Amino acid sequence: MSEGAVESRTLSAIDVMRVMEMIPHRYPFLLIDKAVDLISDVSAVGIKNVSINEAFFQGHFQRQPVMPGVLIIEAMAQTAAVLVAFTLGKEAEGKLVYFMSVDGARFRRPVVPGDQMRVHVSKDRKRGNVWKFVGEAKVDGNVVAEATITAMIRDD
């Protein structure tokens, strides 16, 4: 292995209880139910089972409930934070990962109650404590949203 290379580890699934150990988000703002297909320093997939019981559906929109696009982007960020914690190990768990930028956000179709959203994130690059990810949310294999996000992990 070359100098500076990271040994890749894989994990097939992390349940919601483990996700909550890895990132500080809690209901109603925890937006992934589990993570699957984790490859350290490479990629992960967050799973969100979208239910009519979500708090945001009370006002967005009552007669035609649609998951807000900003929350889809937040689900990407939370999936990326799980990937960061998985990559860095126990010492990174529970640390805050702050958004720095969102670029190229596109929303292709609404996410509605009953959908299972699969949030794919891939590391684009890392410099110091700044990470950049490419994210794509899918429902039934169809892309519903995409964005490039940059975040910083902090020792608060």
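See the structure shown above.
These numbers come from a predicted model, not from an experiment.

Draft legend 1. Spotlight on empty space enclosed by the protein. For the structure on display, the rule yields one cavity of 30 Å³ or more. The calculated volume of the largest cavity comes to roughly 50 Å³. Surrounding the largest cavity, Met22, Ile23, Pro24, His25, Ala81, Val84, Ala85, Ala92, Lys95, Val97 and Ile153 form its lining. With three residues, helix H2 (residues 69–88) is the single largest residue contributor to the lining of the largest cavity.

Draft legend 2. Representation of the sheet that holds strand E3 (residues 43–49) in the model. Strand order in the open sheet made by the seven strands is E1-E2-E3-E5-E6-E7-E4, with antiparallel pairing throughout. Looking along the sheet, the strands with just one partner apiece sit at the ends: strand E1 (10–14) and strand E4 (96–107). Between one strand and the next, the sheet's axes are offset by a mean angle of 20°, whatever the strand orientation. For E1 and strand E2 (residues 34–39), the ladder comprises four bridges, and the chain directions are antiparallel. Its bridge partner being in E2, Ile14 is matched across the sheet by Ala35. Taken strand by strand, H2 contacts E1, E2, E3, E4, strand E5 (116–127), strand E6 (130–139) and strand E7 (142–154), and its axis lies near 50° from that of E7.

Draft legend 3. Spotlight on unusual backbone geometry. Between Tyr27 and Pro28 the backbone carries a cis peptide bond, its omega angle lying at 5°. Along the chain, Pro28 turns up in the loop between helix H1 (16–22) and E2. The omega torsion across His60 and Phe61 is -15°, close enough to zero to call that bond cis. Take Phe61: it is sitting in the loop between E3 and H2.

Draft legend 4. Representation of the side chain of Ser43. Among the structural elements, Ser43 can be located in strand E3. Under the relative-accessibility criterion, Ser43 is labelled buried at 16%. What Ser43 contacts, discounting residues up to four positions off in sequence, is Asp37, Leu38, Leu83, Val121 and Ser122.

The rules behind the values
- Residues numbered from 1 in each chain as written.
- Predicted model: local features only at pLDDT ≥ 70, side-chain atom pairs only at ≥ 80, totals over all residues.
- Heavy atoms only, no water.
- 1 Å grid on protein atoms, 1.4 Å probe; cavity = no way out; pocket = protein on both sides within 12 Å on 5 of 7 lines; lining within 4 Å.
- Points joined across faces, edges and corners; volume = space filled by probe spheres on them.
- Helix = DSSP H or I, 4+ residues; strand = E, 2+ residues; numbered from the N terminus.
- Pairing = 2+ DSSP bridges.
- Axes fitted to C-alpha atoms, helices over the stretch in contact; angles between N-to-C directions.
- Contact = heavy atoms within 4.5 Å.
- Buried < 20%, exposed > 50% of the residue type's maximum accessible area, 1.4 Å probe, protein only.

Spatial relationships are all this shows, so hold off on functional conclusions.
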